[in-house]
Amino acid sequence: MYKIQISGIMISGYILLICFLSNFDCINQGDKNGVKPVKAEKNYNKVGYDLTNPDIVTVLPDMLHEISGITEIDSLTIACVQDENGILFIYDLKKSRITNHSFFHSDGDYEGIARIGEKFYILRSDGKLYEISNYKARELTIISYSTEIPADDNEGLCYDRNKNRLLMAPKSKIESDDDEKKQRGIYAFNLNTKKITEKPVIVFDLKEIKKYAVQNKIDLPLKSKKKGKKPEPEINLRPSAIGIHPVTNKLFVLSGMEQLLFVFNLNGSIEYMEKLDSELFKQPEGITFLNNGDMLISNEGQSGKATLLRFNCQRK
């Protein structure tokens, strides 16, 4: 079975603002934790997770209704951002509550977050990066970088520890003269020079991804092609979150609007993909891993509640 933990209630915006600024007890208050029985047996996929059967489902407080990015701090704590306000949240997984918050900038479309040691990097959708130091202190140390990434609608951000760089994933496609060769790409932010790469360091070929979907009989909507050609799976791969598995070093990519999870090697070759349950994954926007490989995925609330799903890793 999986546990459902509830940590938020709906209250008026005025009261919410007062509570948020003065006391965490109000914004974290919620109903008693509930447990919902589901199938007892696990059906692990080839990358080590049963994505139909989370181990814990946490209902997040209303301040995280628009949660857009998450990153691991330790086995009990994550940091997160939401896509409306320039606020860094610290969330306790065991207590199911926000334990701290810090304002780092004015309101904006903040989409991704990554941790490197005691520093956080937060990605705004226009490509601007915010480096935050001393997050436990009363006053943050903040440096911003205009990356000038040559792409639009940037949402995915993660740390590549093997190459000491940040990976940034835009939703827009790579410009190409060949319309048949539709690709998506990931850029790298050099942490030494503080510069973005001019070209993607990882390229995803949609044609190869669709071929993989057909070969592995993944049930997806079909899109009609030119007359006389067979329809193909409708896959757009517009990354909403990315993360590198700490054990396997594989790149996990969420395409939130399509409710798809992809797994690639760091050369961009597809190794796994799965269509996600729309009831569990209303709008998956954040992904992170604990050091032991357990995976966390956050969902924006949309018309309901935002959730945090935990999938324990089956290590072979």
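Residues numbered from 1 in each chain as written. Predicted model: local features only at pLDDT ≥ 70, side-chain atom pairs only at ≥ 80, totals over all residues. Heavy atoms only, no water.

Trainee: Help me understand a positive patch on the surface in this model?
Mentor: On the surface, Lys207, Lys211, Lys226 and Lys229 cluster together to form a positively charged patch. By the element assignment, lysine 207 lies in helix 3 (residues 206-215). (Patch = residues over 30% accessible without salt bridge, like charges linked within 9 Å, V, L, I, M, F, W, Y side chains within 5 Å. Areas by Shrake-Rupley, 256 points an atom, 1.4 Å probe, with all protein chains shown as cover. Salt bridge = Lys/Arg side-chain N within 4 Å of Asp/Glu carboxyl O. Lys, Arg positive; Asp, Glu negative; His and termini not counted. Charge placed at Lys NZ, Arg CZ, Asp CG, Glu CD. Helix = DSSP H or I, 4+ residues; strand = E, 2+ residues; numbered from the N terminus.)

Trainee: Mind showing me how you'd approach the pairing of strand 4 (residues 67-74) here?
Mentor: Regular strands place side chains that alternate from one sheet face to the opposite one. When you tally the buried positions in strand 4, you get seven out of eight residues, the bulk of the element. The sheet contact formed by strand 4 and strand 5 (residues 77-82) spans six bridges and is antiparallel. In the strand pairing of strand 5, isoleucine 70 is matched with cysteine 80. (Buried < 20%, exposed > 50% of the residue type's maximum accessible area, 1.4 Å probe, protein only. Pairing = 2+ DSSP bridges.)

Trainee: Explanation requested: unusual backbone geometry in the structure shown.
Mentor: Negative phi is the rule for most residues except glycine; trans is the rule for most peptide bonds. Positive phi is not limited to glycine here, since asparagine 134 has a value of about 55°. Classification of asparagine 134 as partly exposed rests on a relative accessible area of 44%. In this structure, glutamine 259 is a non-glycine residue whose phi angle is positive, near 55°. Note that glutamine 259 resides in the loop between strand 20 (251-255) and strand 21 (260-264).

Trainee: I tried to follow the packing of aromatic side chains on my own but got confused; where do I start?
Mentor: Centre-to-centre distance and the angle between the planes together describe a pair of aromatic rings. Scanning the model with the defined rule gives 10 aromatic pairs in all. With a centroid separation of 5.0 Å and an interplanar angle of 70°, the aromatic rings of phenylalanine 252 and phenylalanine 289 are classed as edge-to-face. Residue phenylalanine 252 is located in strand 20, and its partner phenylalanine 289 is located in strand 23 (residues 284-289); the two are separated by 37 residues in the primary sequence. Given the relative accessible area of 1%, phenylalanine 252 is considered buried. Overall, the relative accessible area of 6% leaves phenylalanine 289 in the buried class. (Phe/Tyr/Trp six-rings, centres within 6.5 Å; stacked < 30°, edge-to-face > 60°.)

Trainee: Can you walk me through the nonpolar core in this structure?
Mentor: Among soluble globular proteins, nonpolar side chains are generally buried collectively. Counting residues in hydrophobic clusters, the biggest one holds 43 residues, and the most contacted among them are Phe204, Ile209, Leu251, Phe262, Met273, Ile287 and Met295. Among the elements that take part in this core, strand 21 stands out by supplying five residues, more than any other. Excluding residues within four positions of it along the chain, isoleucine 209 makes contact with Phe204, Ile235, Leu237, Phe262, Phe264, Ile270 and Met273. Of all hydrophobic cores here, the second largest spans 16 residues; its members include Met63, Phe89, Ala306 and Leu308. (Core = buried A, V, L, I, M, F, W, Y, C linked by side-chain atoms within 4.5 Å. Contact = heavy atoms within 4.5 Å.)

Trainee: Explain the environment of glycine 69 here, please?
Mentor: Here glycine 69 shows up in strand 4. Distance in space between the C-alpha atoms of glycine 69 and alanine 241 is 7.3 Å, their sequence separation being 172 residues. Setting aside residues no more than four positions away along its own chain, glycine 69 makes contact with Ala79, Cys80, Val81, Glu111, Ile113, Glu285 and Gly286.

Trainee: How do you make sense of helix 3 when you look at a structure like this?
Mentor: The periodicity of an α-helix, 3.6 residues per turn, causes residues three or four positions apart to be oriented the same way. Taken together, the buried positions of helix 3 are occupied by Leu206, Ile209, Lys210, Tyr212 and Ala213. Take helix 3 and look down its axis: the buried residues cluster within an arc of 155°, on one side only. Seen from the open side of helix 3, the exposed residues pointing more than 90 degrees away from its buried face are Lys207, Val214 and Gln215. Looking at the buried positions of helix 3, the neighbouring elements they touch are strand 14 (183-190), strand 16 (202-205), strand 18 (232-233), strand 21 and strand 22 (270-275). Between the side-chain oxygen of the N-cap and the backbone nitrogen of lysine 207 there are 2.9 Å, and the N-cap of helix 3 in question is aspartate 205. In the segment just after helix 3, lysine 217 is the residue with positive phi, at about 55°. (Arc of directions from axis to C-beta. Polar contact = N/O pair within 3.5 Å; in protein donor to acceptor, adjacent residues only side chain to side chain.)

Trainee: Could you clarify how one ought to interpret the sheet that holds strand 11 (residues 141-146) in this entry?
Mentor: The strands making up a sheet are joined through hydrogen bonds of the backbone, oriented either antiparallel or parallel. Across the sheet, four strands lie side by side as 8-9-10-11; this open sheet has antiparallel pairing. Of all the strands in the sheet, the pair left with one neighbour each is strand 8 (110-116) and strand 11. Here the average twist between neighbouring strands, direction ignored, is 20°. Pairing of strand 9 (residues 119-124) with strand 10 (residues 128-133) involves four bridges; the strand directions are antiparallel. Across the sheet, isoleucine 122 pairs through a bridge with tyrosine 130, a residue of strand 10. (Axes fitted to C-alpha atoms, helices over the stretch in contact; angles between N-to-C directions.)

Trainee: Quick question: what am I supposed to make of the pairing of strand 6 (residues 87-92) here?
Mentor: For strand 6, the tally of buried residues reaches six of six residues, placing the bulk of the element in the interior. Taking every second residue as pointing to the same face, both faces of strand 6 are buried, with Ile87, Phe89 and Tyr91 on one and Leu88, Ile90 and Asp92 on the other. Pairing of strand 5 with strand 6, which is carried by four bridges, proceeds in the antiparallel orientation. Residue threonine 77 lies in a different strand from strand 6, and its bridge partner there is aspartate 92. Linking two consecutive strands that pair antiparallel, namely strand 5 and strand 6, is a turn of four residues. Across six bridges, strand 6 lies against strand 7 (residues 97-103) in antiparallel orientation. Within the sheet, the bridge partner assigned to leucine 88 lies in strand 7 and is serine 102.

Trainee: Help me understand the environment of tyrosine 159 in this model?
Mentor: Here tyrosine 159 shows up in strand 12 (residues 154-160). When the C-alpha atoms of tyrosine 159 and glycine 243 are compared, they prove to be 7.7 Å apart, with 84 residues separating the residues in sequence. Sequence-distant contacts of tyrosine 159, that is, excluding residues within four places in its chain, are made with Ala114, Arg115, Ile116, Asn164, Arg165, Leu166, Leu191 and Ile244. Within polar-contact distance, the side chain of tyrosine 159 engages the side chain of asparagine 164 at 3.0 Å.

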